[in-house]
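Tertiary structure, described
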Amino acid sequence: MSHGLTARIAHEEFARMIYSLAPMEGLTGSTFRAVHAECFGALDRYYTPFLAPPHVGSGFGKKALKELDPGRGAGLDVVPQLLTKNADEFVWAAQVLADMGFAEVNLNLGCPSGTVVAKGRGSGFLRDLDGLEAFLQDVCERSPLPVSVKTRLGIADDAEYERVLELYRRFPLAELIVHPRVQKDRYQGAPRWEPYGETLATAPFPVAYNGDVFSVGDRDALLAAYPATRHVMLGRGLLANPALARMMAGGPSVAPAELRAFHDKLFAAYVDEIGGNAVFRLKEWWFYAKFAFANPQAVHRLVRKVRKLDEYEAAVARVFANEPFAEVARFSA
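Let us look at the structure shown here. (Residues numbered from 1 in each chain as written. Predicted model: local features only at pLDDT ≥ 70, side-chain atom pairs only at ≥ 80, totals over all residues. Heavy atoms only, no water.)

**Section: the pairing of strand 9 (residues 231-234)**
The alternating pattern of strand 9 places His231 and Met233 on one face and Val232 and Leu234 on the opposite face, and all of these are buried. Of the pairings in the sheet, the one linking strand 8 (residues 207-210) to strand 9 comprises 2 bridges and is parallel in character. Its bridge partner being in strand 9, asparagine 210 is matched across the sheet by methionine 233. Each parallel crossover has a hand, and for strand 8 linked through helix 9 (residues 216-225) to strand 9 it is right-handed. (Buried < 20%, exposed > 50% of the residue type's maximum accessible area, 1.4 Å probe, protein only. Helix = DSSP H or I, 4+ residues; strand = E, 2+ residues; numbered from the N terminus. Pairing = 2+ DSSP bridges. Right-handed = clockwise from strand over helix to strand, strands pointing away.)

This is how it looks when you write it as structure tokens:
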């Protein structure tokens, strides 16, 4: 078989992959999703930053409704993610979401935040596997929507995942998204692929991978190790390189003018939404976007101290006028 034919078959195989956007609080909300899809094309799926379900009998609050507004995500496949350990509230929220037209609901069992974990939510729920088993039994039976889960391996040790995975395999999950770190890791150190591979090989439901896929090469290495992979969730890598999913489908990397146009649309949308606070929202984005440039620290120095809209706009103009682009944008921790 010729090298060209092999490459074409590989490209076609990759093209059948699902690429989704990770839920990142304050970063990948409805405004970002809409602008990114407009500028770089829609991903296959988007997960909302986690939402607290409303109390039974009540509706989502104003902030959550803005996140769930179908007008902001027209044409996008959006999966709401819930953060809770209360089965009744999860099921109630799932019914509200079903009535709004959503087709799936995701349970957050991955958030490593200390305040979240202390309340037994997010990855903190993995401390109480008996409680988690009862919760999943209940919500999988009663939820009007298919239930997917985004998980970590455990709290402190990878060995915990043997019991965690055994538990998951007993339920009819719509999908299990594995971020192969433990809670104590937060986002440090390399994710461990072996537990993901074990999940992929033994789970009776679809499995997705999330964790440190920052380039096409990272994706290729994952697929070389685990060819059965069919869904890769992108987070920090896509914030640093908004063209990353496009590149994985064989498209071009982000160009300076393209990134500037994306920034300007995103900035204008945030100004319309939150006024002068758009500066602080975009500064969070620049923590990742600076890696599109050859000297990320120079970009950081230009934008880190600005507080007012005019100061911010002047700093961004200097970045795009004076800072050379990286050959390929890639997040670096």
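**Considering the environment of methionine 233**
Its location among the elements puts methionine 233 in strand 9. Linking methionine 233 and aspartate 44, residues 189 residues apart in sequence, is a C-alpha distance of 10.0 Å. Filtering out sequence-adjacent residues up to four positions away, methionine 233 remains in contact with Ser20, Leu21, Ala22, Pro23, Tyr47, Lys150, Ile177, Tyr209, Asn210 and Gly211. (Contact = heavy atoms within 4.5 Å.)

**Brief notes about the nonpolar core**
Core analysis: the largest hydrophobic core is formed by 103 residues, its most contacted members being Leu136, Tyr168, Trp285 and Trp286. Leave out the neighbours within four places in its chain, and leucine 136 touches Leu107, Val149, Leu167, Tyr168 and Phe171. (Core = buried A, V, L, I, M, F, W, Y, C linked by side-chain atoms within 4.5 Å.)

**Digging into the pattern of salt bridges**
Two side chains of opposite charge can pair, provided their charged atoms sit close to one another. On inspection of all chains with the given rule, the structure shows 18 salt bridges. A salt bridge links aspartate 88 to arginine 142; the shortest N-O distance between them is 2.7 Å. With aspartate 88 in helix 4 (residues 87-99) and arginine 142 in helix 6 (residues 129-142), the pair connects residues that are 54 residues apart, well separated along the chain. A salt bridge links arginine 192 to aspartate 158, with the nearest nitrogen and oxygen atoms 2.7 Å apart. (Salt bridge = Lys/Arg side-chain N within 4 Å of Asp/Glu carboxyl O.)

**Concerning the packing of aromatic side chains**
Within this structure, the stated rule accounts for 18 aromatic pairs. The interplanar angle of 80° and the centroid separation of 5.1 Å between the aromatic rings of phenylalanine 293 and phenylalanine 325 together place this pair among those described as edge-to-face. Of this pair, phenylalanine 293 sits in the loop between helix 13 (278-289) and helix 14 (296-303) while phenylalanine 325 sits in the segment after helix 15 (309-322), and the two are 32 residues apart along the sequence. Every member of this aromatic cluster is reached through a ring pair, and the members are Phe32, Phe40, Phe262, Trp285, Trp286, Phe293, Phe320 and Phe325. (Phe/Tyr/Trp six-rings, centres within 6.5 Å; stacked < 30°, edge-to-face > 60°.)

**Looking at the environment of valine 96**
Within the fold, valine 96 resides in helix 4. Look at valine 96 and you get buried, because its relative accessible area is 17%. Taking C-alpha positions, valine 96 is 9.4 Å from proline 54, a pair spaced 42 residues apart along the chain.

**What to know about unusual backbone geometry**
Of note in the backbone geometry, arginine 186 takes a positive phi value of approximately 50° without being a glycine. Note on placement: arginine 186 falls in the loop between strand 7 (175-178) and helix 8 (193-202). Although it is not a glycine, aspartate 212 sits at a positive phi angle of roughly 60°. Of note, aspartate 212 is situated in the loop between strand 8 and helix 9.

**With respect to helix 15**
Between its first and last C-alpha atoms helix 15 spans 20 Å; for 14 residues at 1.5 Å apiece the expected length is 20 Å, and the two agree. Within helix 15, burial applies to Tyr312, Ala315, Val316, Val319 and Phe320. Buried positions in helix 15, seen along its axis, are confined to an arc of 130° and lie on one side of it. In helix 15, the exposed residues that point more than 90 degrees away from the buried face are Asp310, Ala321 and Asn322. Elements in contact with the buried residues of helix 15: helix 12 (256-274), helix 13 and helix 14. (Expected span 1.5 Å × (residues − 1). Arc of directions from axis to C-beta.)

**Concerning the sheet that holds strand 4 (residues 81-82)**
The sheet built from 9 strands is open, its strands ordered 3-2-1-9-8-7-6-5-4 with parallel pairing. At either end of the open sheet lies a strand with only one pairing partner, and these are strand 3 (78-79) and strand 4. By the bridge criterion, 3 bridges tie strand 7 to strand 8 in an arrangement that is parallel. Bridge pairing in strand 8 places valine 178 opposite tyrosine 209. Contacts from helix 7 (residues 161-168) reach strand 5 (105-109), strand 6 (147-151) and strand 7, with the element oriented near 160° to strand 7. Along the sheet, helix 8 makes contact with strand 7 and strand 8, crossing strand 8 at roughly 165°. (Axes fitted to C-alpha atoms, helices over the stretch in contact; angles between N-to-C directions.)

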